[in-house]
Amino acid sequence: MIFNLLGLGMAFAAAFIGAIATGLLFRVNGGPLLYGVGVAAILIDVIYRATKGGKQWVSPNSGGHIWFIPIWVLGIVAIVGAPFVPALPR
């Protein structure tokens, strides 16, 4: 399978938490919203790997992954890509 259910759950949780934190609290959308999603993804996966994943940071068997890429790496990609996505008008 190209993803595990833990990774899928982490991705949805990061999107939800990031959208709530940045979208509702700070009233931003578009690119700035990706900062919150990226930070949430990194925190969720790193905390899981540090406590229950055996501190294996890149192994897809020790935390969440999608397409065999750890969720924390996808969080970094979201943060790096955020400046290139324009904010949408409200």
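Every chain's residues receive numbers from 1 upward, in the order its sequence appears when written. Confidence filtering applies because this is a predicted model: local features only for residues at pLDDT of at least 70, side-chain atom pairs given and counted only at 80 or more, and all residues used for totals across whole chains, interfaces and linings. Heavy atoms from the whole structure form the basis of all side-chain values; hydrogens and water molecules are not counted.

Undergrad: Describe a nonpolar patch on the surface, listing the residues and the values that go with them.
TA: A patch consists of residues whose relative accessible area exceeds 30% and which take part in no salt bridge; residues with like charges are grouped when within 9 Å of each other, and nonpolar side chains (Val, Leu, Ile, Met, Phe, Trp, Tyr) when within 5 Å. Method for areas: the Shrake-Rupley scheme with a 1.4 Å probe, in which residue coverage is limited to the protein chains shown. Take a side-chain nitrogen of Lys or Arg and a carboxyl oxygen of Asp or Glu: if they are within 4 Å of each other, that pair is a salt bridge. Together, Ile 2, Trp 67, Phe 68, Ile 69 and Leu 74 make up a nonpolar patch on the protein surface, roughly 490 Å² of accessible area in all. Here a strand is any run of E in DSSP of at least two residues, a helix any run of H or I of at least four, and the numbering for each starts at the N terminus. On the secondary structure map, Leu 74 appears in helix α3 (residues 71-81).

Undergrad: Please set out the environment of Ile 71 residue by residue, giving values where relevant.
TA: Inspection of the secondary structure assignment puts Ile 71 in helix α3. Expressed as a C-alpha distance, the spacing of Ile 71 and Leu 8, which sit 63 residues apart in the sequence, is 9.0 Å. Apart from residues no more than four positions distant in its own chain, Ile 71 is found in contact with Gly 7, Met 10, Ala 11, Ala 41, Asp 45, Gly 64, His 65 and Ile 66. Should any heavy atoms of two residues lie within 4.5 Å, those residues are counted as being in contact.

Undergrad: Give me the lowdown on the pattern of salt bridges, citing residues and values where you can.
TA: Per the stated rule, a full pass over the model turns up one salt bridge. Residue Asp 45 is joined to Arg 49 by a salt bridge in which the shortest nitrogen-to-oxygen separation is 3.0 Å. Of this pair, Asp 45 and Arg 49 both sit in helix α2 (residues 31-51), four residues apart, roughly one helical turn. Burial classes: relative accessible area under 20% of the type maximum marks a residue as buried, over 50% as exposed, and values in between as partly exposed (1.4 Å probe, protein chains only). Of the residues examined, Asp 45 reaches a relative accessible area of 0% and is grouped as buried. Given the relative accessible area of 0%, Arg 49 is considered buried.

Undergrad: Would you mind going over the nonpolar core in detail, with residue names and values included?
TA: Think of a nonpolar core as a cluster: buried Ala, Val, Leu, Ile, Met, Phe, Trp, Tyr and Cys residues, connected wherever their side-chain atoms sit within 4.5 Å. Core analysis: the largest hydrophobic core is formed by six residues, namely Met 10, Ala 14, Ala 40, Ala 41, Ile 66 and Ile 71. Those elements that provide at least two residues to this core are α1 (5-24) and α2. For Ala 14, the contacting residues outside a window of four places in its chain are Ala 19, Val 37, Ala 40, Ala 41 and Ile 44.

Undergrad: Before we move on, could you go through the packing of α1 against α2 and cite the residues and values that matter?
TA: Angular values range over 0 to 180 degrees, each being the angle between N-to-C directions of two axes fitted as lines to C-alpha atoms, with helices fitted over their stretch in contact. Axis separation between α1 and α2 bottoms out at 7 Å; the angle between their running directions is 135°. By the angle between their axes, α1 is oblique relative to α2. Note that α1 runs across α2; the crossing there is right-handed. Residue-level contacts link Leu 6, Met 10, Ala 13, Ala 14, Ala 15, Ile 17, Gly 18, Ala 19, Thr 22 and Gly 23 of α1 to Pro 32, Leu 33, Gly 36, Val 37, Ala 40, Ala 41, Ile 44, Asp 45 and Tyr 48 of α2. The cut-offs work like this: below 35 degrees is roughly parallel, past 145 is roughly antiparallel, 65 to 115 is roughly perpendicular, and the gaps in between are oblique. Note on convention: the crossing is left-handed when the near helix lies turned anticlockwise from the far helix by less than a right angle, right-handed when the turn is clockwise.

Structural measurements only, silent on function.
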